[in-house]
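Structural description and commentary
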Amino acid sequence: MRITVDLNLCESHGQCVYAAPEVFSFDEDDYLVFEAQPSDGLRDAVEKAAAVCPVRAITVTPAP
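Predicted, not measured: the structure shown is a model, and the values here were computed from it.

1. Examining the nonpolar core
Counting residues in hydrophobic clusters, the biggest one holds 17 residues, and the most contacted among them are Ile3, Val5, Cys16, Val23, Phe24 and Ile58. Taken together, the elements giving at least two residues each to this core come down to strand E1 (2–5), helix H1 (15–19) and helix H2 (43–52). With sequence-adjacent residues up to four places away left out, Phe24 is seen in contact with Ile3, Val5, Cys16, Val17, Leu32, Val33, Phe34, Ala49 and Ile58.

Shown next as structure tokens:
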């Protein structure tokens, strides 16, 4: 799977970090960082993270 985050929409609410801390985190300046192609074993957590994003900035697509 591939994760895309529209950083122009992201407001750093952090819901994705709580839902999938293995994939999403904040750097020292509170900017979102994420693994663009996490393992398929994390799919449920990543899909939950996308679903709980209040501004719908996260998109999950199949890997190329």
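Following the structure, the description resumes.
2. Some words on unusual backbone geometry
Positive phi outside glycine occurs at Ser12, with the angle close to 55°. Note that Ser12 resides in the loop between E1 and H1. Residue class for Ser12 comes out partly exposed when judged on its relative accessible area of 35%. Although it is not a glycine, Asp30 sits at a positive phi angle of roughly 65°. One can find Asp30 in the loop between strand E2 (24–26) and strand E3 (32–34).

3. Notes on empty space enclosed by the protein
A full pass over the atoms with the stated rule returns one cavity of 30 Å³ or more. Within this model, the largest cavity holds a volume of roughly 100 Å³. Lining of the largest cavity is provided by 15 residues; of these, Cys10, His13, Gly14, Cys16 and Cys53 occupy positions nearest its centre. Classifying every residue of the lining of the largest cavity gives 10 nonpolar, four polar and one charged.

4. Points about the pattern of salt bridges
This model, assessed by the stated rule, comprises two salt bridges. Residue Arg43 is joined to Asp40 by a salt bridge in which the shortest nitrogen-to-oxygen separation is 3.4 Å. By relative accessible area, Arg43 is classed as partly exposed at 28%. Of the charged contacts in the structure, one is a salt bridge between Arg43 and Glu47, with a shortest N-O distance of 3.6 Å. Linking Arg43 with Glu47, this pair stays in helix H2, spanning four residues, or about one helical turn.

What counts, and where the lines are drawn
- Residues numbered from 1 in each chain as written.
- Predicted model: local features only at pLDDT ≥ 70, side-chain atom pairs only at ≥ 80, totals over all residues.
- Heavy atoms only, no water.
- Core = buried A, V, L, I, M, F, W, Y, C linked by side-chain atoms within 4.5 Å.
- Buried < 20%, exposed > 50% of the residue type's maximum accessible area, 1.4 Å probe, protein only.
- Helix = DSSP H or I, 4+ residues; strand = E, 2+ residues; numbered from the N terminus.
- Contact = heavy atoms within 4.5 Å.
- 1 Å grid on protein atoms, 1.4 Å probe; cavity = no way out; pocket = protein on both sides within 12 Å on 5 of 7 lines; lining within 4 Å.
- Points joined across faces, edges and corners; volume = space filled by probe spheres on them.
- Nonpolar A, V, L, I, M, F, W, Y, C, P; charged D, E, K, R; others polar.
- Salt bridge = Lys/Arg side-chain N within 4 Å of Asp/Glu carboxyl O.

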